[in-house]
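# Chain and residue survey
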Amino acid sequence: MSVQAQLTARSIHSAINVVLDTSYQGIDEGDWRKLFTSARKSGLEQYIEDMFAGKHINSSEDRPALHSALRNLTKTPVLINGVDVMPEVAEVWHRIEALCNQWVDVADVIHIGIGGSDFGPRLAIEALAHVPGIESRGMRMHFLANIDTAELARILGRAQPYSTRVIIVSKSFTTLETTMNAKAVLAWFQESGCSKSQIANALYAVTTNIPAAKEFGVSEENIFPFWDWVGGRYSVWSAVGLPIALQYGFDTFKQFLAGAEAIDLHFKNTRLEENLPVIMALSLLYQQEQNDIKAYAAIPYADALDWFPKWLQQLDMESNGKSVDRAGKPVKHSSPVVFGSAGSNAQHSYFQLFHQGTEIIPIDFIAVREPMSDRPEAVAHHRILLANCLAQAQALANGKTAENPNDVYPGKRPSNLLLLPKLNAFYLGALLALYENRTATLGALWNINSFDQPGVEYGKVLAKPIEKALATHQNDIQASADIDAVTAARINLLNSKN
Ligand code: F6P
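Residues numbered from 1 in each chain as written. Predicted model: local features only at pLDDT ≥ 70, side-chain atom pairs only at ≥ 80, totals over all residues. Heavy atoms only, no water.

## Let's talk about the overall build of the protein
Each helix and strand counted, the protein has 17 helices and 13 strands in total. Along the three orthogonal principal directions, the C-alpha set of the protein runs to about 70 × 60 × 55 Å. Here the protein, with 498 residues, has 54% of them falling under the buried criterion. In the protein, the share of contacts with a sequence separation of at least 24, taken over all contacts with a separation of at least 6, comes to 73%. Looking at the protein, you have 43 positive and 52 negative side-chain charges, and the mean spots of the two groups are 1 Å apart. (Helix = DSSP H or I, 4+ residues; strand = E, 2+ residues; numbered from the N terminus. Buried < 20%, exposed > 50% of the residue type's maximum accessible area, 1.4 Å probe, protein only. Contact = heavy atoms within 4.5 Å. Lys, Arg positive; Asp, Glu negative; His and termini not counted. Charge placed at Lys NZ, Arg CZ, Asp CG, Glu CD.)

## Some words on the site of the ligand
The environment of the ligand is formed by 13 residues, the closest being Ser117, Ser170, Ser172, Thr175 and Glu318. Isolated, the ligand exposes 390 Å² of accessible area, and the fraction of that covered by the protein chains is 86%. Among the cavities detected, the one that contains the ligand is the largest pocket. Among the residues making up the shell around the ligand, the classes are represented as 2 nonpolar, 8 polar and 3 charged. (Near = heavy atom within 4 Å. Areas by Shrake-Rupley, 256 points an atom, 1.4 Å probe, with all protein chains shown as cover. 1 Å grid on protein atoms, 1.4 Å probe; cavity = no way out; pocket = protein on both sides within 12 Å on 5 of 7 lines; lining within 4 Å. Sits in = over half its atoms within 2 Å of the grid points. Nonpolar A, V, L, I, M, F, W, Y, C, P; charged D, E, K, R; others polar.)

## Quick notes on the sheet that holds strand β12 (residues 363-368)
A sheet is described by the order of its strands in space; here 6 strands give the open sequence β1-β2-β13-β12-β10-β11, paired in mixed fashion. Across the chains shown, the open sheet's two edge strands, defined by having one partner strand only, are β1 (12-15) and β11 (337-339). Ignoring which end each strand starts from, the neighbouring axes of this sheet average 15 degrees apart. Relative to strand β2 (residues 18-21), β1 runs antiparallel, the two being bridged by 4 bridges. Bridged to Ala15 within β2 is Val18. The sheet strands contacting helix α14 (residues 378-398) are β12 and β13 (415-420), and the helix crosses β12 at an angle near 160 degrees. (Pairing = 2+ DSSP bridges. Axes fitted to C-alpha atoms, helices over the stretch in contact; angles between N-to-C directions.)

## Things to note about the packing of helix α16 (residues 457-471) against helix α17 (residues 485-495)
In the contact formed by α16 and α17, the axes pass within 9 Å of each other and the chain directions differ by 35 degrees. Considering only the axes of α16 and α17, their crossing is right-handed. Residues Ile466, Ala469 and Leu470 of α16 pack against Thr487, Ile491, Leu494 and Asn495 of α17. Among the residues forming the contact of α16 with α17, the class breakdown is 5 nonpolar, 2 polar and no charged. (Left-handed = near helix turned anticlockwise from the far one by under 90°.)

## A look at the domain arrangement of the protein
The domain boundaries assigned to the protein delineate domain 1 (3-61 + 256-446), domain 2 (103-248) and domain 3 (454-495). Of note, the centres of domain 1 and domain 3, computed from C-alpha atoms alone, are 40 Å apart. (Domains from an automatic or database assignment.)

## A few points about a nonpolar patch on the surface
A surface patch of nonpolar side chains, amounting to about 290 Å² of accessible area, comprises Ile147, Leu176 and Met180. Assignment of secondary structure puts Met180 in helix α6 (residues 176-191). The class of Met180 is partly exposed, set by a relative accessible area of 44%. (Patch = residues over 30% accessible without salt bridge, like charges linked within 9 Å, V, L, I, M, F, W, Y side chains within 5 Å. Salt bridge = Lys/Arg side-chain N within 4 Å of Asp/Glu carboxyl O.)

## Topic: unusual backbone geometry
It is generally the case that most residues other than glycine have a negative phi and that most peptide bonds are trans. The residue after Gly343, namely Ser344, is reached through a cis peptide bond having omega 10 degrees. Of note, the phi angle at Asn17 is positive, near 65 degrees, even though the residue is not glycine. With respect to the helices and strands, Asn17 occurs in the loop between β1 and β2. Even without being a glycine, Asp292 presents a positive backbone phi close to 50 degrees.

## Considering the packing of aromatic side chains
Aromatic ring pairs are described here by two measures, namely the spacing of the ring centres and the angle between the planes. Tallied over the full model, the rule gives 21 aromatic pairs. Arranged with centres 4.9 Å apart and planes meeting at 80 degrees, the rings of Phe426 and Tyr427 form a pair that is edge-to-face. Residue classification places Tyr427 among the buried positions, given a relative accessible area of 10%. An aromatic cluster of at least three residues, connected via ring pairs, comprises Tyr301, Phe339, Tyr350, Phe351, Phe354 and Phe365. One cation-aromatic arrangement involves Arg71 over Trp237; the distance from NZ or CZ to the ring centre is 4.6 Å. (Phe/Tyr/Trp six-rings, centres within 6.5 Å; stacked < 30°, edge-to-face > 60°. Lys NZ or Arg CZ within 6 Å of the ring centre and 35° of its normal.)

## A closer look at the sheet that holds strand β6 (residues 140-144)
Pairing within the open sheet is parallel, and its 5 strands lie in the order β6-β5-β7-β8-β9. Edge positions in the sheet fall to β6 and β9 (223-225), since each has one partner strand and no second. For this sheet the average axis-to-axis angle between neighbouring strands, irrespective of direction, equals 15 degrees. Pairing of strand β7 (residues 164-169) with strand β8 (residues 203-207) involves 4 bridges; the strand directions are parallel. Note that in β8 the partner of Ile168 across the bridge is Ala205. Running at roughly 155 degrees to β6, helix α5 (residues 149-158) makes contact with β5 (108-112) and β6 of the sheet.

## Digging into the pattern of salt bridges
Scanning the entire structure with this criterion turns up 19 salt bridges. With its nearest N and O atoms 3.1 Å apart, the salt bridge here joins Arg40 to Glu45. Accessibility expressed as a relative area gives 32% for Arg40, which makes it partly exposed. Glu45 gets classed as partly exposed once you look at its relative accessible area, which sits at 37%. The closest approach of N and O atoms between Arg375 and Glu377, which form a salt bridge, is 2.8 Å. A network of salt bridges, in which partner residues are shared, links Arg40, Glu45, Arg271 and Glu273.

## Brief notes about the environment of Ser373
Inspection of the secondary structure assignment puts Ser373 in the loop between β12 and α14. Residue Ser373 is classed as partly exposed on the basis of its relative accessible area, which comes to 29%. Taking C-alpha positions, Ser373 is 7.2 Å from His130, a pair spaced 243 residues apart along the chain. Contacts of Ser373, omitting those with residues within four sequence positions, involve Pro132 and Ala378. A polar contact is formed between the side chain of Ser373 and the backbone nitrogen of Arg375, at a distance of 3.1 Å. (Polar contact = N/O pair within 3.5 Å; in protein donor to acceptor, adjacent residues only side chain to side chain.)

Here it is as structure tokens:
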């Protein structure tokens, strides 16, 4: 069925007042039936049950993927090897709340972490800053991720050592960027004349590797644990999300968890035909099968969510960007490339390709009913924002004929509309959990393990001998087992004076 024909066959679902409209996917009722049947056949329902039950769905690392326990505010027991993890999780909540009350006169916070130890809290801090009337402690939250010292220099140039706190966030506590940046910040404290006890007071860590954090010099009472059954990119719900609580208050952090919990309950308990993450996953799968799509875009029509596509890139592509299934067999499909940025800005950038390019790129349009400011212009501006969002989806779906080929819009370009009633901590949590569960669903349907990331390791290994060769400052490096001829030549170029 053509996309255009779907204009009359509306397909709308909702959960916790979040509406998903797939009408512009061009999927008719028969197609949906087939999609749900094949999802059932693939064992998706069992997979969802297994995930929440703590089965070892992270098969390569032989452990559960239980980030859902971190937002299980009802504290329903979650067993790992027969032991309920909820008391430990709740203990960390108490410590987070206590820290919120304890921190006074903190002007700057430097959150050091990368990848999953960065994107979630960074997105939340940025997004919630846009919520009209939100209570904020007004601390300057600095996120330090890259090994590039540009960020480090900018942050240290602004922060005052005596009123700065540092949170070192690393699941492994071995990530090079994070440990080196942490060392640099430690040196900055020392050079600024802070005493040992002042430094100890300023340093905090969030990690599963408590010995390494202690070894680094973080005192035990300042270490917030999390667990190996939480994947790094699924970790914002743990103490990795500390900045959210510290800046906006513990209740706001709890709201963030509550939104995610509400989506988990929906995902776990709703039949596939009404299950938002499942429907979103199946619509993508359909486009892969029908249109052989290689990329999709997430376009939030909310400036507050400008960081959302970056967070989503790690979630989707680190989870599902794989070529083999759980048994090591090649897969036909895995994660397409995902990209995006806030609309309507994005319209003035790459939407030309969406409308008239040779590639079909499905889009998730994400819109928020309520305006994101209380400016007098807010209502009028927001109406225009929403009108643009709807217009783009319609233009993409229906296209437009014209005499001049240059003016033809081919149409039949699929999209979803995801409509949030408002953007606050609750709905931000819901949005992230919606996508996390969609990613897990896609992994299940492709039979991919969404919870490991072996593909990030090789480059890290190769960087070591290259770094050593760069440190020689010699421009006669020869190709070797670790360094090929092209890279040896590049090292020599960098090592030569001009
Ligand atoms: O290199 C990828 C990765 O392992 C991500 O999966 C992770 O989010 C990031 O690095 C940071 O890891 P860590 O939290 O252990 O420092």
